[in-house]
Amino acid sequence: VQLQASGGGLVQAGGSLRLSCATSGIQFSFYDMDWYRQAPGKERESVAAIDHGGSPMYSDSMKGRLIISRDNAKQTVALQMNNLKPDDTAVYYCRARHVIAGTTFWGQGTQVTVSS
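Keep in mind the model is a prediction, meaning the values are calculated, not measured.

Student: So what's going on with the sheet that holds strand β3 (residues 17–24)? Which residues, and what values?
Tutor: Consider a sheet: its strands pair through backbone hydrogen bonds, and that pairing is either parallel or antiparallel. Here 4 strands make up an open sheet; going across it, the order is β1-β3-β8-β7 and the pairing antiparallel. Strands at the two margins of the open sheet, each flanked by one partner only, are β1 (2–6) and β7 (66–71). Here the strands of the sheet are splayed against their neighbours by 15 degrees on average, with no regard to which way each runs. Relative to strand β8 (residues 76–81), β3 runs antiparallel, the two sharing 6 bridges. Across the sheet, residue A22 finds its bridge partner in β8, namely T76.

Next comes the structure, spelled out in structure tokens:
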């Protein structure tokens, strides 16, 4: 099983980034997908989720600035992040969670740095 996150980088405040997570080795359509982030010295927190049916959910911390989407044919999940703020600086991780068994898999993370 592999989850490969990409798309992070350095962006100025107010800018946008699109993260992508490519998966392999799982039956993608049976997995709910999540994006988490972890800033230095802080706990990992969920920022967005999309269930196997395509219904999205967003955390209050980034609500209104995110769009999560999935492509079951390509077995990928994307996170469009807009109006980024310095506080959004973190490593962003994707996670796959089986809808019945609850088995989870994590990607390796992609660094997002927002400069002021």
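Student: Account for the pairing of β8, naming residues and giving values.
Tutor: The side chains of a regular strand alternate between the sheet's two faces. Among the 6 residues that make up β8, 6 are buried, leaving the element largely enclosed by the rest of the structure. Residues T76, A78 and Q80 point to one face of β8 and V77, L79 and M81 to the other, with burial holding for every one of them. Alignment of β7 against β8, held across 6 bridges, turns out to be antiparallel. Looking at the pairing, L66 lines up with M81 of β8.

Rules behind the numbers
Residues numbered from 1 in each chain as written. Predicted model: local features only at pLDDT ≥ 70, side-chain atom pairs only at ≥ 80, totals over all residues. Heavy atoms only, no water. Pairing = 2+ DSSP bridges. Helix = DSSP H or I, 4+ residues; strand = E, 2+ residues; numbered from the N terminus. Axes fitted to C-alpha atoms, helices over the stretch in contact; angles between N-to-C directions. Buried < 20%, exposed > 50% of the residue type's maximum accessible area, 1.4 Å probe, protein only.

From the geometry alone we can't say anything about function, so treat these as descriptive.
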